[in-house]
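Analysis of the macromolecular model
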Amino acid sequence: MNLQQLDELLRSLDYIEELQIKTGENVNDFDGHELHIENGDAIPRMREEYFFHRGPIFINKHHRYADMPLHMHSFIEINYVYSGTCRQIINGEEILLTKGQVCILDTDVPHSIPALGKDDILVNIIMKKDTFSTAFWSQFTGKGVVSEFLLNAITENQLHDRYILFHSEQHDELQHTIKKLLCEFFFPTDYSTDIINALLPVLFFELMRIYQLDKNFETYEKIGRTNMMEILHYIENNYKDCTLTSLAKVFNFNPNYLGNMLKTRTGKTFIELLQSQRMVRAAVLLKNTSKSIADIAYEIGYESSSFFHRKFKEHYHCTPYQYRKKGN
């Protein structure tokens with residue numbers, strides 16, 4: 001991995017940047033038709049077919065010196081600040097990304113980027129939603145409601161228009177992984193495509209690790225002194241006896257407001273989030289302990305064993321006994 005070569009590439013002026021310096025206006029990468037209005041949308045959509053000729057992932061440096069106009073797209077976008085800072089307007093809210101930070105933009109997110117300066121290097125990593133097969137994403141399921149929040153960003157049937165900002169600037173392993181990914185893409189050699197495909201799961205696992213550890217990282221909307229991830233972390237850690245009223249009290253919210261916010265931001269009600277976390281814990285206990293099913297039901301917060309059976313079957317489409325048998 002030649003980091004010096006990568007640095008020179010990213011900092012050098014490209015042809016489009018030379019034009020943007022002269023005109024101060026955005027210049028498209030291809031034939032000028034990448035952005036178009038479709039289906040009566042008021043916001044231009046970036047057309048997917050321009051980007052994936054080499055495969056289901058495309059990486060490029062964001063061109064500096066001109067504003068990127070408001071747009072949206074049907075693919076997932078990972079923004080990585082290689083150097084300097086980057087302001088983005090996402091769903092009407094301005095956020096600031098600094099060197100080393102990562103922001104994942106969901107599909108159909110209206111966003112724009114004010115002009116970047118000389119030392120502001122932003123790298124865009126974009127990928128098709130179907131890049132991640134069911135088998136790949138199954139690695140992330142069953143980890144809890146925090147993990148599910150990230151997974152929802154790329155599922156077909158969930159509410160879209162979200163973003164997640166990761167305070168990853170102090171995480172050296174993630175920086176190394178991303179720079180390795182960039183080197184393999186920009187300077188391909190034998191097996192580069194295979195290495196890129198192998199690095200993608202590593203990248204996402206490291207991002208998962210960061211937001212599990214980072215109690216201060218922001219989602220797309222600040223919520224008073226806290227944020228959505230802290231609320232979901234609290235549910236994960238207090239699933240046995242957590243109620244909407246107690247949760248609202250901890251975070252100083254009106255219970256009805258908090259319940260509506262959870263539904264809007266995660267696509268699930270508080271009860272659904274709570275039961276999902278209980279099911280995750282039940283699955284762990286069924287696989288890794290010899291505790292009776294009745295004891296497991298009580299341990300995760302259900303006094304009625306029959307109610308636990310019903311909810312478990314709804315969640316996993318099998319009984320607790322069948323789940324345990326399959327895991328052995």
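The paragraphs below set out a description of the structure included in this document. (Residues numbered from 1 in each chain as written. Predicted model: local features only at pLDDT ≥ 70, side-chain atom pairs only at ≥ 80, totals over all residues. Heavy atoms only, no water.)

1. Here we look at the overall build of the protein chain
In plain terms, the rule: Runs of H or I in DSSP of at least four residues are treated as helices and runs of E of at least two as strands, each being numbered from the N terminus. Buried means the residue's accessible area, taken with a 1.4 Å probe over protein chains only, is under 20% of the maximum for its type, while exposed means over 50%, and partly exposed covers the values in between. Any pair of residues with heavy atoms lying within 4.5 Å of one another is described as a contacting pair. Surface exposure here means Shrake-Rupley accessible area, sampled with a 1.4 Å probe, where a residue is shielded only by the protein chains that are shown.
Of regular secondary structure, the protein chain possesses 13 helices and 11 strands. Per-residue burial for the protein chain yields a buried fraction of 48% across its 328 residues. Pairs at least 24 residues apart make up 69% of the contacts formed inside the protein chain by residues separated by at least 6 positions. Carbon and sulfur atoms make up 50% of the accessible area of the protein chain, which amounts to about 16200 Å² in all.

2. Brief notes about helix H9 (residues 255-266)
Just so we agree on the cut-off: A helix is expected to span 1.5 Å multiplied by its residue count minus one. The arc under discussion is defined with respect to the helix axis, by the directions toward the C-beta atoms. The definition of a polar contact used here is a pair of N or O atoms within 3.5 Å, where within protein one atom must be able to donate a hydrogen and the other to accept one, and adjacent residues in sequence count solely through side-chain atom pairs.
Its 12 residues give H9 an end-to-end C-alpha distance of 16 Å, which sits within 8% of 16 Å, the value for a rise of 1.5 Å per residue. Leu258, Gly259, Met261, Leu262 and Thr266 are the residues of H9 that are buried. Taken end-on, H9 shows its buried residues confined to a sector of 165°, consistent with a single buried face. Along H9, exposed side chains directed more than 90 degrees from the buried face belong to Asn256 and Asn260. Sitting at the head of H9, asparagine 254 places a side-chain oxygen 2.8 Å from the backbone nitrogen of asparagine 256.

3. Section: the packing of aromatic side chains
Two aromatic rings are characterised by how far apart their centres lie and by the angle between their planes. Under the convention used in this document: Aromatic pairs are defined between Phe, Tyr and Trp rings, using the six-membered ring for Trp, whenever the two ring centres lie within 6.5 Å; interplanar angles under 30 degrees are classed as stacked, those over 60 as edge-to-face, and all others as tilted. A ring is considered to have a charge above it if a Lys NZ or an Arg CZ atom is located within 6 Å of its centre and within 35 degrees of its normal.
A full pass over the atoms with the stated rule returns 13 aromatic pairs. With centroids separated by 5.5 Å and ring planes inclined at 85°, the aromatic side chains of phenylalanine 312 and tyrosine 323 adopt a geometry described as edge-to-face. You can see phenylalanine 312 sitting in helix H12 (residues 305-316) and its partner tyrosine 323 sitting in helix H13 (residues 320-327), a full 11 residues away along the chain. In this structure, phenylalanine 312 and tyrosine 323 share a single accessibility class: buried. With a centroid separation of 5.0 Å and 45° between ring planes, the pair formed by tyrosine 316 and tyrosine 323 is classed as tilted. By relative accessible area, which is 13% here, tyrosine 323 ends up buried. Over the ring of tyrosine 302 we find arginine 278, and its NZ or CZ is 4.9 Å from the ring centre.

4. With respect to the sheet that holds strand S6 (residues 85-90)
This is how it is decided: Two strands qualify as a pair provided DSSP detects at least 2 bridges between them.
As summarised here, the arrangement of the 6 strands in space is S1-S2-S4-S9-S6-S7, forming an open sheet in which the pairing is mixed. One side of each edge strand has no neighbouring strand; the edge strands of this open sheet are strand S1 (35-36) and strand S7 (93-98). In terms of strand pairing, strand S2 (residues 45-46) meets strand S4 (residues 68-73) through 2 bridges, oriented parallel. For methionine 46, the partnering residue across the bridge sits in S4 and is histidine 73.

5. Things to note about the pairing of S7
Bridge analysis of S6 against S7 gives 6 bridges, and the strand direction is antiparallel. From the neighbouring strand, glutamine 88 faces S7, where its bridge partner is isoleucine 95. Here S6 folds back onto S7, and the loop between the two strands holds 2 residues, one of which, asparagine 91, carries a positive phi near 55°.

6. Considering the pairing of strand S5 (residues 76-83)
Counting buried positions along S5 gives 8 out of 8 residues, so the element sits mostly inside the fold. Bridge count for S5 against strand S10 (residues 121-127) is 7 bridges, and the pairing is antiparallel. Within S10, the position partnered with glutamate 77 by the bridge is isoleucine 126. The pairing of S5 with strand S8 (residues 102-105) spans 4 bridges and is classified as antiparallel. The residue bridging isoleucine 78 from the neighbouring strand is isoleucine 104, located in S8.

7. Re the packing of helix H10 (residues 270-288) against H12
Applied cut-off: Every angle, taken between N-to-C directions, lies between 0 and 180 degrees, and every axis is a line fitted to C-alpha atoms, over only the stretch in contact when it is a helix. Any angle from 65 to 115 degrees is called roughly perpendicular, while one under 35 is roughly parallel, one over 145 is roughly antiparallel, and all others are oblique. Residue type decides the class: Asp, Glu, Lys and Arg count as charged, Ala, Val, Leu, Ile, Met, Phe, Trp, Tyr, Cys and Pro as nonpolar, and the leftover types, Gly among them, as polar.
As a packed pair, H10 and H12 sit with axes 10 Å apart at the nearest point and diverge in direction by 95°. With respect to their mutual orientation, H10 and H12 come out roughly perpendicular. Contacts between H10 and H12 involve Gln275, Ser276, Met279, Val280, Ala282, Ala283 and Leu286 from the first element and Phe307, Phe308, Lys311, Phe312, His315 and Tyr316 from the second. Considered class by class, the residues forming the contact of H10 with H12 number 9 nonpolar, 3 polar and 1 charged.

8. Regarding the packing of helix H7 (residues 228-237) against H10
Any two packed helices are characterised by how steeply their axes cross, that is the angle between the axes, and by the distance between the axes. Which entries qualify depends on this criterion: In this scheme the handedness of a crossing depends on how the near helix is turned from the far one: anticlockwise by less than a right angle means left-handed, clockwise means right-handed.
Direction vectors running N to C along H7 and H10 enclose 50°, while the axes themselves pass 9 Å from each other. As summarised for this structure, H7 and H10 are arranged oblique, according to the angle between their axes. Like other packed secondary-structure pairs, H7 and H10 cross with a definite hand, here right-handed. Facing H7, whose interface residues are Leu232, Ile235 and Glu236, H10 presents Phe270, Leu273, Leu274 and Gln277.

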